[in-house]
Each structure stands twice: as structure tokens, then as C-alpha cells.
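Summary of the model geometry
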Amino acid sequence: MNIGFDLGGFFGSFVGVLGAYRVAMWQIRKQREAEKPAKDRKAYVLATVLRQELNSAWDYFDAENFQIGELFRSVIQMIHKLQEHLPEAIESDKRLFSLITETCDGLTAISEKYSREKRTHENFMAYETELLTYAEFMRSKCDDLIKEIKERNKKDF
């Protein structure tokens, strides 16, 4: 009983496996390229929504009669509103997730700082000014992200 080795069959199988692997990798790469504009669109839309939320900081932080407690409640409302967008941010772009968490952490830190201060008119005005300045800074980060997405896709969604 003579068992022979079919060298041609071996090499043919090997070439076939390599070809199938390369085709699979090519398809995966093409699929990722096709998904990129959809992910960028989601990120663009969410960044625009966050930008609008941060633009409305003037509405959130406009307290009547200089009530610090009212301003604290407004900060909490804005933080909750921003946190509603976290699931979308996780799905679309990690930079949006970090932008939201950084904004919430910053607003919380500012509130904690002024919660230890005396409740005077000057401290109220300083608190409100610092909140608005921070919201404006984070809004500019949203603008930068929107601009980057536009340039990468060479279009406005």
C-alpha cells in the first residue's frame, strides 16, 4: 500500500485559502469604509445638538433675584440634559463621550467650589460668570469637532 502525497492539490488548497482570506479582508475593509460616513453623520448631528445645549447656557443659568440655590438647580438640570446624550455619544464618537463627561465634571467642580463660598451677590456673579465661560469654552470644542468632521467628509451634513 503506497500512500502518495499530492503536491499539486496541497498547493492548490493553500492558494485557495489565501485567496479567500484576502477577499474576506477586502470585504471587511470596504464595509468599514462604507460605515464611516454614517458614523460621521451621527457624530456631526450629536455635536450640533451638544453645541445647541451649551449655547442655551444663558437660558439655564439665568437666575431670578440672584438665587444661588436656583442656579445650582439649573446646573443640575443642564448636567442631566447633557447626560441624556451619553448613549449616542458612546455609539458614535469617543471624543463626544469625553466632551460630555468633561463638561459635566467641570460644571460640577465649579458648583462645588461655589457651594463652599458665602452666598453674596459678588460670589453669585462670579459663579454665574465662571459657568458661562466654561460652557462657552466647551461649545468651542464642539465647534472644532464639527469643523473636523466637515473637513474630513468634505461636506456639511
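Residues numbered from 1 in each chain as written. Predicted model: local features only at pLDDT ≥ 70, side-chain atom pairs only at ≥ 80, totals over all residues. Heavy atoms only, no water.

1. As for the confidence of the model for the protein chain
In plain terms, the rule: For every residue, the pLDDT score states the predictor's confidence, bounded by 0 at the bottom and 100 at the top. The way it works is that DSSP assigns letters per residue, a run of H or I at least four long becomes a helix, a run of E at least two long becomes a strand, and they are numbered from the N terminus.
Per-residue confidence for the protein chain averages 85 on the pLDDT scale, and 93% of its residues sit at or above 70. The lowest-confidence element of the protein chain is helix α2 (residues 57-60), averaging 78 in pLDDT; the highest-confidence one is helix α5 (residues 94-115), averaging 93.

2. Details of the pattern of salt bridges
Heads up, the condition is: Salt bridges are counted wherever a side-chain nitrogen of Lys or Arg sits within 4 Å of a carboxyl oxygen of Asp or Glu. Burial classification: accessible surface area is computed with a 1.4 Å probe over protein chains only, and a residue below 20% of its type maximum counts as buried, one above 50% as exposed, and the rest as partly exposed.
The tally for this structure, following the rule as stated, stands at 11 salt bridges. For Lys 81, the salt bridge is made with Glu 84, and the minimal N-O distance between the two is 4.0 Å. We classify Glu 84 as exposed; its relative accessible area is 52%. Among the ionic contacts, a cluster of salt bridges with common partners joins Asp 40, Asp 93, Arg 95, Glu 148 and Arg 152.

3. A few points about the environment of His 80
Position of His 80 among the secondary structure elements: in helix α3 (residues 68-83). For His 80 and Lys 118, which are 38 residues apart along the polypeptide, the C-alpha to C-alpha distance reads 26 Å.

4. Here we look at the side chain of His 85
To keep it simple, the criterion reads: Working rule for contacts: check all heavy atoms of both residues, and any pair within 4.5 Å makes them a contact.
If you trace the backbone, His 85 turns up in the loop between α3 and α4 (86-92). Under the relative-accessibility criterion, His 85 is labelled buried at 11%. Among all residues touching His 85, those that are not within four sequence positions of it are Leu 46, Val 49, Leu 50, Glu 53 and Ile 100.

5. A short note on the packing of helix α1 (residues 7-55) against α3
How we decide: Convention adopted: a line fitted to C-alpha atoms gives each axis, helices being fitted over their contacting stretch, and angles between N-to-C directions are expressed from 0 to 180 degrees. Small angles under 35 degrees read as roughly parallel and large ones over 145 as roughly antiparallel, with 65 to 115 read as roughly perpendicular and the rest as oblique. Under this grouping Gly is polar, as are all residues other than the nonpolar Ala, Val, Leu, Ile, Met, Phe, Trp, Tyr, Cys and Pro and the charged Asp, Glu, Lys and Arg.
Orientation of α1 relative to α3, taken along the N-to-C sense of each, is 175 degrees, at an axis distance of 11 Å. Taken together, the axis directions place α1 and α3 in an arrangement best described as roughly antiparallel. Of α3, the residues touching α1 (which contributes Leu 50, Glu 53 and Leu 54) are Met 78, Lys 81 and Leu 82. Considered class by class, the residues forming the contact of α1 with α3 number 4 nonpolar, no polar and 2 charged.

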